[in-house]
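Residue-level structural notes
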Amino acid sequence: MFSGLSVKRNVLLAPYTTFKLGGVADFFAIPKTWTELNCLFKEANKYKIPIYFIGNGSNLLISDQGVRGLVINFSGCFDSISISASGEEIIVGAAYSFSKLTKICLKLGWKIALGWVGVPGSVGGAIKMNAGTVFGNLGHSVKMVNLMNFNKTFFMSHEQIRFSYRDTEFPPNIALCSVYLSNKYIEPQYGKEFAKTAIELIRKRNRKQPTQRSIGSIFKNPKKYFAGHLIELCALKGYRIGGAKISETHANIFVNDGAATSRDMFELCQFARNIVYDQCKIRLEFEVKFWGFSER
Ligand SMILES: Cc1cc2nc3c(=O)[nH]c(=O)nc-3n(C[C@H](O)[C@H](O)[C@H](O)COP(=O)(O)OP(=O)(O)OC[C@H]3O[C@@H](n4cnc5c(N)ncnc54)[C@H](O)[C@@H]3O)c2cc1C
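Here the structure is a predicted model, which is why all the values come from computation and not from measurement. (Residues numbered from 1 in each chain as written. Predicted model: local features only at pLDDT ≥ 70, side-chain atom pairs only at ≥ 80, totals over all residues.)

Observations concerning the overall build of the protein
Within the protein, the regular secondary structure consists of 7 helices and 16 strands. A compact globule built from 296 residues should have a C-alpha radius of gyration of about 19 Å, and the protein, at 19 Å, falls within 12% of that. If you line up the protein on its principal axes, its C-alpha atoms span 55 × 50 × 30 Å. Relative to its full complement of 296 residues, the protein shows a buried share of 40%. Long-range contacts, defined as pairs at least 24 residues apart, comprise 63% of the intrachain contacts of the protein with a sequence gap of at least 6. (Helix = DSSP H or I, 4+ residues; strand = E, 2+ residues; numbered from the N terminus. Rg over C-alpha atoms; globule rule 2.2 N^0.38 Å. Buried ≥ 20, exposed ≤ 12 C-beta atoms within 10 Å, placed from the backbone. Contact = placed C-beta atoms within 7 Å.)

Here's what the structure looks like:
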């Protein structure tokens, strides 16, 4: 199995996540070429081995038991960027840093990129999550995505992907390889004061971000509310289970104080969700992606 391919066995996943949590993957690979990625797909499909994709691991909670399958990390390929002469169109690989892309777009004068400031991760992860802020999501500028599954490569258009709040509708077991972005795809309808207000709010937001290991927001904001406000209303700021803690500065951010296990973090997530439901009758939806937990 996987002969001739650089696949490692029993690789600890914690270092590949911003939480620094998670057990081992049965198989782990960092493909360097399209062909290699394609061979990994074919082998995994042949032996019915589940495939997981990991970018920067900045939106993942992986169980202490890890995952039974092949984890493919994108840091070895798909990291190029090409910018059109007009500066209005960009083709960028899934492994490219989202914050680097944001800086480039801001320099090119893309207003929409103000919405992406301060969001870490890879472009692939940011597409999958439709990452962004109230000022705009990456999906707003996506024209088309180039994908691969076990037997073909193909494209999906903006409309087919159906971007929604921190979500997309890609078919399962699909690798995002590169994306075509356009500054003009969806024109943001911002007022004149937009840039000034956005920059002030971004500064404020960055001051609130805890510096400990986290994955940003645990929950999506429900309609008309902020998840962080609801958690704060339930007096849960600073609440901890083992080494997992609800941040004192932003209640929708949970941190690993260095001694947490994934189980601590998982239980803290479930606990906060249950308390908010009991006290506010609002069922919070997770933004974090869970890997290897049988409970959900
Ligand atoms: C300090 C901090 C602040 C944050 N602030 C924000 C914020 O303001 N707004 C926001 O939206 N997010 C925020 N996040 C969350 C995170 O940065 C985003 O969700 C980011 O887009 C995830 O990218 P990633 O590469 O880390 O994805 P990962 O965490 O590695 O993966 C996320 C999902 O994408 C899938 N995936 C990744 N790459 C590929 C690929 N190439 N092909 C197929 N599937 C893939 C994974 O399987 C997984 O389902 C924050 C995180 C941190 C740590």
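Comments concerning helix α2 (residues 98–107)
Of all the positions in α2, only F98, L101, T102 and C105 are classed as buried. Viewed end-on, α2 has its buried residues packed into an arc of 105 degrees, placing them on one side of the element. In the stretch just after α2, G109 is the one whose phi turns positive, near 90 degrees. (Arc of directions from axis to C-beta.)

Some remarks on the pairing of strand β11 (residues 153–157)
Of all 5 residues that make up β11, 0 are buried, and the element is exposed over most of its length. Where strand β10 (residues 142–148) meets β11, 5 bridges bridge the pair, whose relative direction is antiparallel. Each residue of the ladder has a partner; that of M148, found in β11, is T153. What sits between the antiparallel neighbours β10 and β11 is a turn of 4 residues. (Pairing = 2+ DSSP bridges.)

Digging into the site of the ligand
Around the ligand lies a shell of 33 residues, among which G55, G121, G124, G125 and G216 are the nearest. Listing elements by their share of the shell around the ligand, those giving two or more residues are β3 (51–54), α3 (123–129), β8 (132–133) and β12 (175–182). When residues in the shell around the ligand are grouped by element, the largest group, 5 residues, is from α3. In terms of residue class, the shell around the ligand is built from 14 nonpolar, 16 polar and 3 charged. (Near = placed C-beta within 6 Å. Nonpolar A, V, L, I, M, F, W, Y, C, P; charged D, E, K, R; others polar.)

A closer look at the domain arrangement of the protein
By the assigned domains, the protein splits into domain 1 (7–73), domain 2 (81–182) and domain 3 (209–291). Its C-alpha centre places domain 1 at a distance of 22 Å from the equivalent point of domain 2. Of all elements in the fold, only α1 (34–46) and β3 reach the threshold of two or more residues within the side of domain 1 that touches domain 2. The element contributing the most residues to the side of domain 1 that touches domain 2 is α1, with 5 residues. Taken together, the residues that form the side of domain 1 that touches domain 2 break down as 4 nonpolar, 6 polar and 1 charged. (Domains from an automatic or database assignment.)

Digging into the sheet that holds β12
Pairing is antiparallel in the open sheet, where 5 strands are placed in the order β6-β7-β12-β10-β11. For this open sheet the edge positions go to β6 (81–83) and β11, each flanked by a neighbour on one side alone. Here the strands of the sheet are splayed against their neighbours by 15 degrees on average, with no regard to which way each runs. Sheet topology places β6 next to strand β7 (residues 89–93); 3 bridges connect them, and they run antiparallel. Its bridge partner lying in β7, I81 is registered against V92. (Axes fitted to C-alpha atoms, helices over the stretch in contact; angles between N-to-C directions.)

Some details on the pairing of strand β2 (residues 24–29)
With 5 of 6 residues buried, β2 is to be regarded as a mostly interior element. In the sheet, strand β1 (residues 7–12) pairs with β2 via 5 bridges, with the strands oriented antiparallel. Bridging across to β2, V11 finds its partner in A25.

A look at the sheet that holds β3
The 4 strands lie next to each other as β1-β2-β5-β3, forming an open sheet whose pairing is mixed. With partners counted over all chains shown, the strands left at the sheet margins are β1 and β3, one partner each. Sheet twist, expressed as the average angle between the axes of neighbouring strands with direction ignored, equals 35 degrees.

Here's the deal with unusual backbone geometry
The general pattern is negative phi for most residues beyond glycine and trans for most peptide bonds. For N10, which is not a glycine, the phi torsion comes out positive at approximately 50 degrees. With a phi close to 70 degrees, K224 is a non-glycine residue in the positive phi region. Turning to its location among the elements, K224 is positioned in the loop between α5 (194–208) and α6 (227–233).

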